[in-house]
Amino acid sequence: APTLSSDDFHDPAARMVFEVCQTLNAQSKLCDIRTVADVLRVSGKLELIGGGQTLVDMTNAFTLAAHAEHYCEKVKDKSGLRKVLKLCMQTIQDCYAGEDEAVQVTERLEKGLFALEQMDPRAGLEHIGPAVMQACEDLEKRIEAKQTITGVPTGFQKLDFLTSGLQPGNVIIIAARPGFGKTVLATNIAINTVKKGIPTAFFSLEMTREEILLRALSAQSSINHWKLRAGKLNPMEIDRLANTAAEFSETPFYFSCPSSSPTPGAIRSSCRRLISKLRTEKKKLGLLVVDYLQLMKGGEKYKESRETEVAGISRAMKQMAMEFNVPIIVLSQLNRATEGLGHTGRPKLANLRESGSIEQDANVVIFIYREGFYKAGASDGDRAKTELIIAKQRNGALGEVDLIFDKDCVRFLELDARSE
C-alpha cells in the first residue's frame, strides 16, 4: 500500500482489485479472495473484472509473500515507463500544434521528466513522531561535533555565524548599487563553496567566461588582476598561477554565460540536467548563484508590466530553491533612492529595485554598503571598507559583517573573523 497506487496498474481488473484491497486494508479488515469478491459483487464490479475466476487466477499466479517487494518494484517500473511514454506523446502533439515556442515545449518535457525522476511512492503526509526523532538525532550530532554551520558555508566566518550557512530551499538576495561588488562577493562565496567540494552552479548574465575565470584565478592566487589580464607576470607568479589553475580546474564549479537574457525556465532546465548528471556521480547540487535578477526575462506573458515581470521572476526563484532543495543566491540592483538618503546612502528593504516581491520572496536579504563612496575626497582605504548588512533573515538574527575590498585581487577579505 505505501509503494503503489491504483494508477500504477494498466489492467483495469487489477486496478479495481487493488482499490478494494486498499479499502479493506485501511479498515483493518481481512483481505482474502472471498472478502474481495463480496465487495466487488456488492458494488457491481465483479463481472466487470471477469468474474470470480479472475480472482482465482490472480491468487494462483502469486507465489511467496517474501517476493511482494520485488513484484511491487516491477509494477512501479512499468508504470513509470507508461508515464514517460505519455509525456513523450504529449510533447509530440505540442510540437505539431505549434502553439508554443520550442523552449517552452522543451521546458515542459524536462519538468515532466524531472518530476518522474523525483517521484517517491512514500511521499505524502507523515506523522510528526519519526521526524521529531530524526531532528533530535541530527541536533545531538551537531552538539557533539560542536557544529554551528547547518547550511552551505560562505567562507566568511562572521556571516556564517549569523546565518548558520546558506540554508537549502532559501533564496538569498545580495543587493547593492552598481560598482559596490555584488558579483565579486557572489564569486567569492561560490569559490569558497567549491573549494569544500560542494557542487555549485553560477549563472552570469553580464560577464563573459574569461572575466569570471580571471577574477577567480586572481582572487585565489593573490595575483594582481590587472597584471593577470595584461599577462605581465614574473616567473614566481606564473608558477603560482599554474598551481592555482590546476587546483581550481578540479573543483565542482559549473557556470553559464548566456548570450541573451534567460528566463527562469531556461535556468531551471539547465539545473535539472546538472542535477541528473551529478546524481550519476552520487553527488548533489549544493548552491546556485544568479547574477543578476534584473537582467532576466519573465517571458511573453509579462510584456505589459516590468514590475509584474520582476515579481514573477522572484517567485520562480523561490519555487526553484524549494524544488531543488538548494540555497539560491540572487543578485539584485538597488534603486536610485539610496543616492538621496542624505550623506550616508545606507540602504533599506524598500530600496530593492522594481518590485516589492523580491523582499517578500527572499529568506535572507544582504546589502553591500560602502560608506566611503558617499564621502567627498575619501581615501582608497575608506572606500574599500565594506559592510554587509543582513536586513532580513526569516530564521535568524539581523546584523552586520565588516569586510575590506581588495581591488588588486578582486575579492573581499574579513576585517574581523571573530564570532562573538
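Scroll up to find the structure.
The structure reproduced in this document is the subject of the present report. Just so we're clear, the structure is a prediction, and the values are computed from it rather than from any experiment.

### Quick look at the overall build of the protein chain
The number of helices and strands found in the protein chain is 15 helices and 9 strands. Looking at the protein chain as a whole, 40% of its 420 residues are labelled buried. Partitioning the contacts of the protein chain with sequence separation of at least 6, the portion at a separation of at least 24 is 65%. Total accessible area computed for the protein chain in this model is approximately 23700 Å², and 54% of it derives from carbon and sulfur atoms.

### A word on the side chain of Thr-91
Position of Thr-91 among the secondary structure elements: in helix α4 (residues 68-97). Overall, Thr-91 belongs to the buried group, its relative accessible area being 12%. At 2.9 Å, the side chain of Thr-91 forms a polar contact with the backbone oxygen of Leu-87. If sequence neighbours within four positions are ignored, Thr-91 has contacts with Val-105 and Leu-109.

### Considerations on the environment of Asn-363
Within the fold, Asn-363 resides in the loop between α14 (357-361) and β6 (364-369). In this structure, the C-alpha to C-alpha distance between Asn-363 and Asn-395, residues 32 residues apart in sequence, is 7.9 Å. Contacts of Asn-363, omitting those with residues within four sequence positions, involve Gly-169, Asn-170, Val-171, Lys-318, Lys-392, Gln-393 and Arg-394. A distance of 2.9 Å separates a polar side-chain atom of Asn-363 from the backbone nitrogen of Val-171. At 2.8 Å, the side chain of Asn-363 forms a polar contact with the side chain of Lys-318.

### Focus on the sheet that holds strand β1 (residues 171-176)
Spatially, β3-β2-β4-β5-β1-β6-β7-β8-β9 is the arrangement adopted by the 9 strands of the open sheet, whose pairing is mixed. Here the strands that pair on one side only, and so sit at the sheet edges, are β3 (253-256) and β9 (411-414). Looking at each pair of strands side by side, their axes are set apart by 25° on average, direction ignored. Pairing analysis gives 5 bridges linking strand β2 (residues 200-204) to strand β4 (residues 287-291), with the strands arranged parallel. By the bridge assignment for β4, Ser-204 is matched with Asp-291.

### Describing the packing of aromatic side chains
On inspection of all chains with the given rule, the structure shows 5 aromatic pairs. For the pair Phe-9 and Phe-18, a centre-to-centre distance of 4.9 Å together with 40° between the ring planes defines the contact as tilted. Take Phe-9 and Phe-18: they sit in the same class, and that class is buried.

### Some words on the pairing of β4
In terms of burial, β4 is a largely internal element, 5 of the 5 residues being buried. Taking every second residue as pointing to the same face, both faces of β4 are buried, with Leu-287, Val-289 and Asp-291 on one and Leu-288 and Val-290 on the other. One ladder, built from 3 bridges, connects β4 with strand β5 (residues 328-333); its direction is parallel. Of the residues in β5, the one forming a bridge with Val-289 is Ile-329.

### Re the pairing of β6
Along any regular strand the residues' side chains alternate between the sheet's two faces. Taken across its 6 residues, β6 has 6 buried, putting it largely inside the fold. Alternating residues of β6 divide into Val-364, Ile-366 and Ile-368 and Val-365, Phe-367 and Tyr-369, and every residue in both groups is buried. Two strands pair when backbone bridges link them, and β1 and β6 are joined in this way by 4 bridges, in the parallel orientation. Across the sheet, residue Ile-173 finds its bridge partner in β6, namely Val-365. Sheet analysis places β6 next to strand β7 (residues 385-393), joined by 6 bridges and oriented antiparallel. Opposite Val-364, over in β7, you have Gln-393 as the bridge partner.

The rules behind each value
- Residues numbered from 1 in each chain as written.
- Predicted model: local features only at pLDDT ≥ 70, side-chain atom pairs only at ≥ 80, totals over all residues.
- Heavy atoms only, no water.
- Helix = DSSP H or I, 4+ residues; strand = E, 2+ residues; numbered from the N terminus.
- Buried < 20%, exposed > 50% of the residue type's maximum accessible area, 1.4 Å probe, protein only.
- Contact = heavy atoms within 4.5 Å.
- Areas by Shrake-Rupley, 256 points an atom, 1.4 Å probe, with all protein chains shown as cover.
- Polar contact = N/O pair within 3.5 Å; in protein donor to acceptor, adjacent residues only side chain to side chain.
- Pairing = 2+ DSSP bridges.
- Axes fitted to C-alpha atoms, helices over the stretch in contact; angles between N-to-C directions.
- Phe/Tyr/Trp six-rings, centres within 6.5 Å; stacked < 30°, edge-to-face > 60°.

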